[in-house]
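These are the residues of each chain, in order.
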Amino acid sequence: QDVFLMIRRQKTTIFTDAKENTTVGELKRMIEGIVKVQPVDQRLYNQDNDIMEDESTLQEYGVTVSTAKAQAPAQLGLTFRNDMGDFETLDMTPYSAPPDLPEVMKNQEASNGQEQVA
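The rules behind these values
- Residues numbered from 1 in each chain as written.
- Predicted model: local features only at pLDDT ≥ 70, side-chain atom pairs only at ≥ 80, totals over all residues.
- Heavy atoms only, no water.
- Helix = DSSP H or I, 4+ residues; strand = E, 2+ residues; numbered from the N terminus.
- Buried < 20%, exposed > 50% of the residue type's maximum accessible area, 1.4 Å probe, protein only.
- Contact = heavy atoms within 4.5 Å.
- Areas by Shrake-Rupley, 256 points an atom, 1.4 Å probe, with all protein chains shown as cover.
- Lys, Arg positive; Asp, Glu negative; His and termini not counted.
- Salt bridge = Lys/Arg side-chain N within 4 Å of Asp/Glu carboxyl O.
- Pairing = 2+ DSSP bridges.
- Axes fitted to C-alpha atoms, helices over the stretch in contact; angles between N-to-C directions.

This part is about the overall build of the protein chain. A tally of regular secondary structure across the protein chain gives two helices and four strands. Secondary structure elements in the protein chain, listed N-terminal to C-terminal, are β-β-α-β-β-α. Taken across its 118 residues, the protein chain has 32% of its residues classed as buried. Counting contacts in the protein chain only where the partners sit at least 6 residues apart, residues at least 24 apart contribute 57% of the total. Total accessible area computed for the protein chain in this model is approximately 7800 Å², and 49% of it derives from carbon and sulfur atoms.

Structure (structure tokens):
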């Protein structure tokens, strides 16, 4: 089962998917492939802004198929180590609020089978 993630650092947002049993270290390697920053120079934060340990799994941080859906991914924070060897402070620039969906699209969304009953 895939979990869907939205990993945010400043104005950057990375969308990726993983498994519940993916470790934080494995996730950092996936991020490395996208941003070209080594895992040792990355720090991930869970939804409570706690630092996530490399050997722990996403599931241990509450990232599961029920909390990290494709249409509502789990949000994680990401920081990089700077040239001084220190990690930057967590900074997830707020998005500007999107405009409301037109009524036509709202009606479509409700009827296209997105509502899955668990």
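Here Leu-76 is to be found in strand S4 (residues 74-80). A relative accessible area of 0% means that Leu-76 is categorised as buried. When the C-alpha atoms of Leu-76 and Met-92 are compared, they prove to be 9.6 Å apart, with 16 residues separating the residues in sequence. Not counting residues up to four positions away in its chain, the partners in contact with Leu-76 are Leu-5, Met-6, Ile-7, Arg-8, Leu-27, Tyr-45, Asn-46, Met-52, Val-63 and Met-92.

Turning our eyes to something else, we now look at unusual backbone geometry. Located in the positive-phi region is Gln-10, a residue other than glycine, with phi close to 50°. Within the secondary structure layout, Gln-10 lies in the loop between strand S1 (2-9) and strand S2 (12-19). You will see that Lys-36, though not glycine, has its phi angle at about 60°, which is positive. Judged by relative accessible area, Lys-36 falls into the exposed class, the value being 65%.

Another point: the side chain of Arg-8. Within the secondary structure, Arg-8 sits in strand S1. Nearest to the buried, unbridged Arg-8 among oppositely charged side chains is Asp-91, at 7.4 Å. The contacts of Arg-8, once residues within four sequence positions are left out, are Thr-13, Gln-75, Leu-76, Gly-77, Leu-78, Met-92, Thr-93, Pro-94 and Tyr-95.

A separate point is the sheet that holds S1. Within the open sheet, the four strands sit side by side as S2-S1-S4-S3. Their pairing is mixed. Both outer strands of the open sheet, S2 and strand S3 (42-45), are each paired with one neighbouring strand and no more. Going across the sheet, the axis of each strand differs from the next one's by a mean of 30°, ignoring polarity. Where S1 lies against S2, eight bridges are found, and the strand directions are antiparallel. Across the sheet, Val-3 pairs through a bridge with Ala-18, a residue of S2. Of the strands in this sheet, S1, S2, S3 and S4 touch helix H1 (residues 24-35), which is tilted by about 120° from S3.

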